[in-house]
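Letter by letter, the chains look like this.
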Amino acid sequence: MQTQARRMSSTAITFPSSSSIAAVGTPATRTRVGKYELGNTLGEGSFAKVKYATNLDSGESVAIKIIDRDRILRHKMVEGIKREISTMKLIKHPNVLRIFEVLASKTKIYIVLEYANGGELFDKIARHGRLKEDEARGYFQQLINAVDYCHSRGVYHRDLKPENLLLDSFGILKVSDFGLSALPKQVREDGLLHTACGTPNYVAPEVLADKGYNGTSADVWSCGVILFVLMAGYLPFDEPNLTVLYRRIQKASFAFPSWFSSSSKKLIKRILDPNPVTRITIPEILKNDWFKKGYKPPHFQPDEDVTLDDVDAVFNDSENHVKRETCFTSKSPANEIVSKIEETAKPMGFNVQKRNYKIKLQGDQTGRKGRLSVATEVFEVAPSLHMVQLRKTGGDTLEFHKFYKNLNSGLKDIVWTTEQSNNEEPKVA
Ligand code: ADE
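Position numbers for residues count from 1 along each chain, tracking the sequence in the order it is written. Owing to the predicted nature of the model, reporting of local features is limited to residues with pLDDT of at least 70; listing and counting of side-chain atom pairs is limited to 80 or more, with chain, interface and lining totals taken over all residues. Side-chain calculation: all heavy atoms of the structure are included, whereas hydrogens and water are not.

Caption draft 1: Region of interest: the overall build of the protein. A tally of regular secondary structure across the protein gives 16 helices and 15 strands. Looking at the 429 residues of the protein, the share that counts as buried comes to 51%. As presented, the protein carries roughly 20200 Å² of accessible surface, and 49% of it is formed by carbon and sulfur atoms. Only DSSP runs of H or I covering at least 4 residues are called helices, and only runs of E covering at least 2 are called strands; the numbering of each starts at the N terminus. Here's how the labels work: a residue is buried when its accessible area is under 20% of the maximum for its type, exposed when over 50%, partly exposed in between, all with a 1.4 Å probe on protein chains only. Exposure was quantified through the Shrake-Rupley algorithm and a 1.4 Å probe, taking into account, for residues, occlusion by the shown protein chains and nothing else.

Caption draft 2: View of the pattern of salt bridges. Here, a salt bridge means any Lys or Arg side-chain nitrogen found within 4 Å of an Asp or Glu carboxyl oxygen. Enumeration over the complete set of coordinates arrives at 14 salt bridges. A salt bridge links Lys35 to Glu101; the nearest nitrogen and oxygen atoms lie 3.8 Å apart. Of this pair, Lys35 sits in the loop between strand 2 (32–33) and strand 3 (36–44) while Glu101 is found in strand 6 (residues 99–104), placing the two residues 66 residues apart along the sequence. A relative accessible area of 31% means that Lys35 is categorised as partly exposed. For Asp134, the salt bridge is made with Arg137, and the minimal N-O distance between the two is 2.5 Å. Taken together, the positions of Asp134 and Arg137, both in helix 5 (residues 133–152) and three residues apart, correspond to about one turn of that helix. Bridged by salt links that share partners, the residues Asp134, Arg137 and Lys293 form one connected network.

Caption draft 3: Highlighting the side chain of Glu114. Locating Glu114 in the fold gives a position in strand 7 (residues 108–114). Residue classification places Glu114 among the buried positions, given a relative accessible area of 15%. In protein, a polar contact means a hydrogen-donor-capable atom and an acceptor-capable atom, both N or O and within 3.5 Å, with residues adjacent in sequence counting only if both atoms are side-chain atoms; elsewhere, any N or O pair within 3.5 Å suffices. Among the polar contacts made by the side chain of Glu114, one reaches the main-chain amide nitrogen of Arg98 at a distance of 2.9 Å. A distance of 3.0 Å separates the side chain of Glu114 from the side chain of Lys174, its partner in a polar contact.

Caption draft 4: The layout of surface pockets, seen in detail. Empty space within the largest pocket amounts to approximately 1000 Å³. Taken together, 38 residues form the lining of the largest pocket, with Pro94, Asp168, Ile172, Lys174 and Gln301 sitting closest to its centre. Secondary structure elements with two or more residues in the lining of the largest pocket: strand 5 (61–68) and helix 5. Top contributing element to the lining of the largest pocket by residue count: helix 5, with six residues. Looking at the lining of the largest pocket residue by residue, the class counts come to twelve nonpolar, 13 polar and 13 charged. Domain ranges listed in this record stem from an automatic or a database domain assignment. Taken domain by domain, the makeup of the lining of the largest pocket includes at least three residues from each of domain 1 (4–114) and domain 2 (121–292). The method works on a 1 Å grid over the protein atoms by themselves. A cavity is a set of points holding a 1.4 Å probe that cannot get out, a pocket is an open set with protein on both sides within 12 Å along at least five of seven lines, and residues with an atom within 4 Å of a point line them. Grid points are joined across faces, edges and corners, and a volume is the space filled by probe spheres set on the points. Each residue is assigned to one class: nonpolar for Ala, Val, Leu, Ile, Met, Phe, Trp, Tyr, Cys and Pro, charged for Asp, Glu, Lys and Arg, and polar for all the others, Gly among them.

Caption draft 5: Structural detail: the pairing of strand 10 (residues 325–330). In terms of burial, strand 10 is a largely internal element, five of the six residues being buried. Any two strands between which DSSP finds at least two bridges are classified as paired. Relative to strand 14 (residues 385–394), strand 10 is paired through six bridges, and the arrangement is antiparallel. Residue pairing across strands places Thr329 opposite Met387, the latter belonging to strand 14. Of the strand pairs in this sheet, strand 10 and strand 15 (residues 415–418) are connected by three bridges, and their pairing is antiparallel. Each bridged residue has a counterpart across the sheet, and for Ser330 the counterpart in strand 15 is Val415.

Caption draft 6: Spotlight on the nonpolar core. In this structure, Phe140, Leu143 and Phe315 are the most contacted members of the largest nonpolar core, which totals 73 residues. In terms of residue count, the dominant contributor to this core is helix 9 (residues 215–232) (twelve residues). Grouped together as the second largest cluster of nonpolar side chains are 22 residues, Ala334, Val352, Val374 and Tyr404 included. The set of buried Ala, Val, Leu, Ile, Met, Phe, Trp, Tyr and Cys residues whose side-chain atoms join them within 4.5 Å is what this entry labels a nonpolar core.

Caption draft 7: Highlighting a positive patch on the surface. Patches here: salt-bridge-free residues with over 30% relative accessible area, like charges joined within 9 Å, nonpolar side chains (Val, Leu, Ile, Met, Phe, Trp, Tyr) joined within 5 Å. The charged-residue count follows a simple rule in which Lys and Arg add positive charge and Asp and Glu add negative charge, with His and chain termini not counted at all. Taken as the charge centre is NZ of Lys, CZ of Arg, CG of Asp or CD of Glu, depending on the residue. Residues Arg355, Lys358, Lys360 and Arg391 make up a contiguous surface patch of positive charge. Mapped onto the fold, Lys360 is located in strand 12 (residues 358–367). A residue is classified by how much of its surface remains accessible, and Lys360, at 56% relative accessible area, is exposed.

Caption draft 8: Structural context of helix 9. Between its terminal C-alpha atoms helix 9 stretches 26 Å, which fits the 26 Å expected from 18 residues at 1.5 Å a residue. Within helix 9, 17 of the 18 residues are buried, which leaves it mostly tucked inside the rest of the structure. One or two positions beyond helix 9, positive phi appears at Gly233, with a value near 85°. Helix span is expected to be 1.5 Å times the residue number reduced by one.

Caption draft 9: Quick peek at the pairing of strand 5. In terms of residue burial, strand 5 counts as a mostly covered element, since six of its eight residues are buried. Note: strand 4 (residues 48–55) against strand 5, seven bridges, orientation antiparallel. Bridging across to strand 5, Lys51 finds its partner in Ile64. Taking the residues between adjacent antiparallel strands as the criterion, strand 4 and strand 5 are bridged by five residues, where Gly59 takes a positive phi near 80°. Pairing analysis gives seven bridges linking strand 5 to strand 7, with the strands arranged antiparallel.

Here it is as C-alpha cells:
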C-alpha cells in the first residue's frame, strides 16, 4: 500500500519530575523516573524516545517522552517549549493526548503522557486497508473536534499526520504532539528516519511555500489529507520526485477513487483548496451535512485540578541545571563562619550586610538578570555542627553557580560537607 511506503517513524515524543529526578536502575531492576517505572520503547528517534511506563502509585500506564535537555537549551527553545507545554497541560479534551506532568533530570526532560493502548490509527490502515466511509468519518469528526478545541486555545499542530493519531483501548482517537510545534523539527520528529524518508505529503501548500501562514487553515488542510488517506488507503499527493510532489500540492492536483461518495468528494475538495483564504474553515466543516452524519459530541471527563508547578520547575530559567539554593555544613563556630564568608565575599566584589547569623550579599556588577544577591543563614544543627544555607534572591542562576564555586574554594578550611559532599557545585535541580 502506498501509505506504507510513506510511513515515517512514530513521532510521538515523551519526557521525567518536577524537581531533581534521577533515573535509577540496575541490570536487575527496572529504571525508575520519580514514581514511574520505565518499560519498553514505544518509539525511538535520534533526539527523542518514547517509553512505556507504569505509575507505581496508581498502577496506571503512561507513555514518557524523553528529550535531551542540552538540545533544547542549545536551540534556545526554552520559552517557546515552556509556553506550549503549559498550554497543553491545561488542554483536556477526550481526543487530545493528555500531558500529565513534566519532569527533569540533569540531562533529560521527561514529558509524561497519556498511554494510548490501541497504537497508531495508521497501523490499522496498514494492516486492514482503507476504512469504510462511516468509520473514516467517525475518526475525522474526532480529529476536527480535537483540532478545533486546541485552536480555540491558541495551539496549532502544524504537523498533523496519521502517525500522530493514536487510539485508546476503546478505539477513541487521541491526537498526539499537539503543542510540540515549538520544538525544533529534529527534536519533534524521530530525526534521522524522518529526514531520510519523510516527504511533506500532509503539509499545506502555503507552509511548503514558506510564505508565512495561518496555523488554523494549515491544520485544516492536513485533516483533509488524513481523511483522504483513511478512505482511500493511499495518499492524494504522492510522487517519488520532491519537486513534482511540491508542484502537485501547490496546485492541489489529485484524483478521487471511484468509491468516494459525491458528498465526501465535495467536502474534501473544499478542504484541499490550495488557497488558504478560500479554504473551508472549521466552523463551516462542523455545519457540513456529510460531516454531521452520525456525529457524537465529545465526552468530557469531570475536571480535576492541574498545576503548572512542574513545568515552571523544569523550564523556569534557561540554565535550570542549577538550583537557586544550596547549603554546606561546618564544624567551625558560627561567628567564625560569618566572618569567613564576609572575608571571602568582599574581595569578590560583594557588599555584605550582617544581622545576627544572617548575611545578605549583593554583587556590585549588573549581571544578565540584574545584580546577583544571595541570602545566607547559619543554623546550629548540633553543638559543634552548623549548617550554612545560601539562597539566590536576585540575579542570574548561572552567576550564582559561579559565585558559589568561588566562595566554596575560599571557605575550604571551614567547610565540612556540601550538599553533594564534593565541595564543588550546588545540587542539580
Ligand atoms: N507511541 C508513542 N506515543 C505513545 C503513546 N502516548 N501511547 C501509546 N503508544 C505511543
